[in-house]
Protein chains: 2
Amino acid sequence: MSPAENAPSTTDVAHALEAVVTWLRDSREPVGISKSSLSTLARLDVVGPLRITDLAEREGLTQPGMTTLVNRLVQTGLAERRADPGDGRAVLVALTSDGLARLTEYRVSRTELISARLEQLDPESRSALAKAVPALHRFVDDSHVTEEK
Amino acid sequence: MSPAENAPSTTDVAHALEAVVTWLRDSREPVGISKSSLSTLARLDVVGPLRITDLAEREGLTQPGMTTLVNRLVQTGLAERRADPGDGRAVLVALTSDGLARLTEYRVSRTELISARLEQLDPESRSALAKAVPALHRFVDDSHVTEEK
DNA sequence: GCCATATGCATAAGCCAGTTATATAGTTGA
DNA sequence: TCAACTATATAACTGGCTTATGCATATGGC
């Protein structure tokens, strides 16, 4: 409960991370595009063209929900539907260059927001955060986590 | 771009924090209550009873939106409306004991989720994160930030 | 003290992003 | 070749917001 007095416990770290998440969530400026859409664009950028069903599963939406979302992306020119060679039922959703541009713009603005904030911190804090970078990546990386159940 | 080779830059830290935010957002389990409702309950817990208008401003909603949200909270027994002594127009929204219990339950489950993940990390990573706790708190703390504009 | 104006909240109507249920087109294997 | 399965689409509905508006109370200049 008191990271100032003793060494921070796991719970203290958890609370600090939650606080950061809350701050970053609240610091989102309206960007004219939904969080789901941005997340889907990012997924397409990272993974490449995907089927509707596949996208839906990865993004945690239902298939009809993803169909609607993709409709919006296509209508605004951020993504396109391609035929899946070898399966006439399926569709491959792919990022357009406009979609990539939009995604990049968003990523840059977010990074700038956070960086500006970081640069206002005292040097010791910045150093501590810099040293925590590998740990933060390990935290979100599933590959080393021992799955249970 | 390569935190593994050189000392992590501010941009690297920003990306790591974004990655954590994304992971924590995706790790939210359905909880039967909206994010806005939880955030509002937390606000009431931290700040104490507030007016509808005040709540709306702090939570980034419109006043009618907050009226509706408070209606839901009241109907589910998580909050209550009190008369504002000294202003017959106003209402003070306050957390009920049920509301506090629900909020606590959520907070505990979140903390447990994150803690469990932390405990699977290697000791050096855990140590690095523990040392970063004060810096994380400073990052989200507005009080020392030099405002511009 | 009165009245014009401002303020706090509620209601109404509509929008948007999601849901479940169902239909249609294409695929696959016995 | 046809029954069963799969991928997507469409329809109808819901939740959580929005804007526009109304009503009650408060406030200050006169």
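Before going into details, it helps to say that this report is about the structure given with it. Since we're looking at a predicted model, the values are computed, not measured.

## Looking at the relation of the copies chain A and chain B
Expressed as a screw transformation, the operator carrying chain A onto chain B has a rotation angle of 180 degrees and an axial translation of 0.0 Å, and the superposed copies differ by an RMSD of 0.1 Å. When the rotation and shift are considered jointly, the pair of chain copies conforms to a two-fold rotation axis. Taking the C-alpha atom as reference, chain A places Val-21 of chain A closest to the rotation axis, 2.6 Å from it. Here 100% of the interface residues in chain A have copies in chain B that are interface residues too; the copies meet face to matching face.

## A closer look at helix α6 (residues 123-140) of chain B
An ideal rise of 1.5 Å per residue puts 26 Å on 18 residues; α6 of chain B measures up with 26 Å between its terminal C-alpha atoms. The largest bend along α6 of chain B reaches roughly 45 degrees and is located at Val-133 of chain B, with the proline Pro-134 of chain B sitting one to four residues downstream. Considered for burial, the residues of α6 of chain B that qualify are Ser-125, Ala-128, Leu-129, Ala-130, Ala-132, Val-133, Ala-135, Leu-136, Phe-139 and Val-140 of chain B. In this fold, the buried residues of α6 of chain B make contact with α1 (10-26), α5 (97-119) and α6 (123-140) of chain A together with α1 (10-26) and α5 (97-119) of chain B.

## Here we look at the sheet that holds strand β1 (residues 50-51) of chain B
Residues and elements named next belong to chain B. With respect to topology, 3 strands assemble into an open sheet ordered β1-β3-β2, the strand pairing being antiparallel. With partners counted over all chains shown, the strands left at the sheet margins are β1 and β2 (79-83), one partner each. Taken together, the 2 bridges between β1 and strand β3 (residues 91-95) define a ladder with antiparallel strand orientation. The partner of Arg-51 across the bridge, within β3, is Leu-92. Contacts between helix α2 (residues 35-47) and the sheet are confined to β1 and β3, with β3 contributing the most and set at about 95 degrees to the helix. Together, β2 and β3 form the strand contacts of helix α4 (residues 63-75), whose direction differs from that of β2 by roughly 115 degrees.

## Description of the protein's contact with DNA strand C
Close to DNA strand C lie 20 residues; Ser-36, Thr-62 and Gly-88 of chain A together with Thr-53 and Arg-81 of chain B are nearest. For DNA strand C, the backbone makes up 66% of the atoms found within 4 Å of the protein, where backbone means sugar plus phosphate. At 3.4 Å from a phosphate oxygen of DNA strand C is found a main-chain nitrogen or oxygen belonging to Ile-52 of chain B. Interatomic distance of 2.7 Å between a side-chain N/O atom of Arg-89 of chain B and a base oxygen of DNA strand C.

## Observations regarding the interface of chain A and chain B
Listed as interface residues are 46 residues of chain A and, on the opposing side, 46 residues of chain B. Interface area, chain A with chain B, both sides summed: about 4700 Å², of which 70% is carbon and sulfur. By the criterion of area lost to chain B, the three top residues of chain A are Arg-117, Gln-120 and Phe-139 of chain A, representing 14% of everything that side buries. Counting every contact that joins chain A to chain B gives 4 salt bridges. Of the charged contacts, one joins Arg-138 of chain B and Asp-122 of chain A as a salt bridge, the two residues approaching to 3.7 Å between their closest N and O atoms. Between chain A and chain B we count 10 residue pairs in polar contact (both at pLDDT 80 or more) in total. Sorting the residues of the side of chain A that touches chain B by element identifies α1, α5 and α6 of chain A as the ones contributing at least two each. Element by element, the count of residues in the side of chain A that touches chain B is highest for α1 of chain A, at 15 residues.

## Some points on the nonpolar core
Judged by nonpolar contacts, the single largest core of 39 residues is most densely connected at Leu-17 of chain A together with Leu-17 and Phe-139 of chain B. Looking at this core, the elements that each hand over two or more residues are α1, α5 and α6 of chain A together with α1, α5 and α6 of chain B. Looking at which element gives the most residues to this core, the answer is α6 of chain B, with 9 residues. With near-sequence residues (within four places) excluded, Phe-139 of chain B lies in contact with Trp-23, Leu-24, Ile-114, Arg-117, Leu-118 and Leu-121 of chain A together with Leu-17 of chain B.

## Details of the sheet that holds strand β1 (residues 50-51) of chain A
Residue and element names in this part refer to chain A. With respect to topology, 3 strands assemble into an open sheet ordered β1-β3-β2, the strand pairing being antiparallel. Every interior strand has two partners, whereas the edge strands, β1 and β2 (79-84), have only one. On top of the sheet, helix α2 (residues 35-47) reaches β1 and β3 (87-95); it is set at about 100 degrees to β3, its chief contact.

The rules we used
- Residues numbered from 1 in each chain as written.
- Chains lettered and ligands numbered in written order.
- Predicted model: local features only at pLDDT ≥ 70, side-chain atom pairs only at ≥ 80, totals over all residues.
- Heavy atoms only, no water.
- Least-squares fit on C-alpha atoms with pLDDT ≥ 70 in both.
- Contact = heavy atoms within 4.5 Å.
- Helix = DSSP H or I, 4+ residues; strand = E, 2+ residues; numbered from the N terminus.
- Expected span 1.5 Å × (residues − 1).
- Bend = angle between axes of the 7 residues up to and from the residue.
- Buried < 20%, exposed > 50% of the residue type's maximum accessible area, 1.4 Å probe, protein only.
- Pairing = 2+ DSSP bridges.
- Axes fitted to C-alpha atoms, helices over the stretch in contact; angles between N-to-C directions.
- Near = heavy atom within 4 Å.
- Polar contact = N/O pair within 3.5 Å; in protein donor to acceptor, adjacent residues only side chain to side chain.
- Buried area = accessible area lost by both parts, 1.4 Å probe.
- Salt bridge = Lys/Arg side-chain N within 4 Å of Asp/Glu carboxyl O.
- Core = buried A, V, L, I, M, F, W, Y, C linked by side-chain atoms within 4.5 Å.

Any link to function would need more than the numbers given here.
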